[in-house]
Amino acid sequence: MSPPASGGVLVAGIGNIFLGDDGFGVETAHALATRPRPDRVEVVDIGVRGVHLAYQLLDGYDTLILVDATVRGEEPGTLYVLEPDTAGTGTPGAPLDGHRMTPDAVLALLDTLCAQTGGEPPRRTLVVGCEPASLDEGIGLSPQVSAAVPEAVRLIEEMLWSDEPPGPEPTSVVPGTAT
């Protein structure tokens, strides 16, 4: 997706590398950061620093792509592209709990920050998710999720370089299959 004139695209890898496949977003962001990308596209490893992400979004991005492990009941390694409805995700003045900064909590905090600063949240938020095999304590991705990382990079690159972003319907992509 070509970044519009009003702002760029932020690709944010989120997750906890100490909880197995929850590190999918971080690993994908690391892999994507080494690749060429369009101007005005920034790739960051947010990890578990959701508060940092909320403040960074105040810099004025038009599009946010969150990359994260996403439990949806499919086979481990299945990739999803989702476009959540983020309108009114939070209430200005929502309490801050730095220990529970899930993507929805980050967007709620962003609503609060925008209300206080006059900033604008991203116009569009997409989630590139991967079905985890295990979220148990431990460092390293399962073989299925590890195999999905290059496919996720390819999928995100398609979105970044395409003039036609994915539609609003969830998309399932199993690594090694045609899309």
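Residues numbered from 1 in each chain as written. Predicted model: local features only at pLDDT ≥ 70, side-chain atom pairs only at ≥ 80, totals over all residues. Heavy atoms only, no water.

**Brief notes about the overall build of the chain**
Helix and strand counts for the chain come out as four helices and six strands. Starting at the N terminus, the α and β elements of the chain follow one another as β-α-β-α-β-β-α-β-α-β. In the chain, buried positions account for 46% of the 179 residues. Restricting the contact set of the chain to residue pairs at least 6 apart, pairs at least 24 apart contribute 80%. Surface accessibility of the chain: about 8900 Å² in total, with carbon and sulfur atoms responsible for 53%. (Helix = DSSP H or I, 4+ residues; strand = E, 2+ residues; numbered from the N terminus. Buried < 20%, exposed > 50% of the residue type's maximum accessible area, 1.4 Å probe, protein only. Contact = heavy atoms within 4.5 Å. Areas by Shrake-Rupley, 256 points an atom, 1.4 Å probe, with all protein chains shown as cover.)

**As for the nonpolar core**
Nonpolar side chains tend toward joint burial in soluble globular proteins. By size, the foremost hydrophobic cluster in this structure holds 23 residues, and its most contacted members are Val11, Phe24, Ile65, Val128 and Ile156. Top element by residues in this core is helix α4 (residues 143-161). It accounts for nine residues. With residues near it in sequence (within four places) discarded, Val11 still touches Leu32, Val41, Glu42, Val43, Val44, Ile65, Val67, Ile156 and Leu160. (Core = buried A, V, L, I, M, F, W, Y, C linked by side-chain atoms within 4.5 Å.)

**Regarding the environment of Gly73**
Along the chain, Gly73 falls in the loop between β3 (61-69) and β4 (79-82). Each C-alpha atom of the pair Gly73 and Pro132 lies 9.3 Å from the other, and the pair is 59 residues apart in sequence. The contacts of Gly73, once residues within four sequence positions are left out, are Tyr80 and Glu131.

**Looking at the pairing of strand β5 (residues 124-130)**
Of all seven residues making up β5, seven are buried, and the element is well covered by its neighbours. Residues Arg124, Leu126, Val128 and Cys130 of β5 are buried on one face, and the alternating residues Thr125, Val127 and Gly129, pointing to the opposite face, are buried as well. For β3 and β5, the ladder comprises seven bridges, and the chain directions are parallel. Opposite Leu64, over in β5, you have Thr125 as the bridge partner. Bridge analysis of β4 against β5 gives four bridges, and the strand direction is antiparallel. (Pairing = 2+ DSSP bridges.)

**A word on the pattern of salt bridges**
Summed over the entire model, instances satisfying the criterion amount to five salt bridges. Arg154 is the partner of Glu151 in a salt bridge, and the nearest nitrogen-oxygen pair spans 2.5 Å. In this pair, Glu151 and Arg154 are both assigned in helix α4, three residues apart and thus about one turn of the helix distant. Residue classification places Arg154 among the partly exposed residues on the basis of a relative accessible area of 26%. A salt bridge links Arg154 to Glu158; the nearest nitrogen and oxygen atoms lie 2.1 Å apart. Of this pair, Arg154 and Glu158 both sit in helix α4, separated by four residues, roughly a single helical turn. Among the ionic contacts, a cluster of salt bridges with common partners joins Glu151, Arg154 and Glu158. (Salt bridge = Lys/Arg side-chain N within 4 Å of Asp/Glu carboxyl O.)

**Focus: the environment of Gly25**
With respect to the element layout, Gly25 can be found in helix α1 (residues 24-33). Sequence separation between Gly25 and Ala69 is 44 residues; the distance between their C-alpha atoms is 6.6 Å. Ignoring anything within four residues of it in the chain, the contact list for Gly25 reads Gly13, Ile14, Val67 and Asp68.

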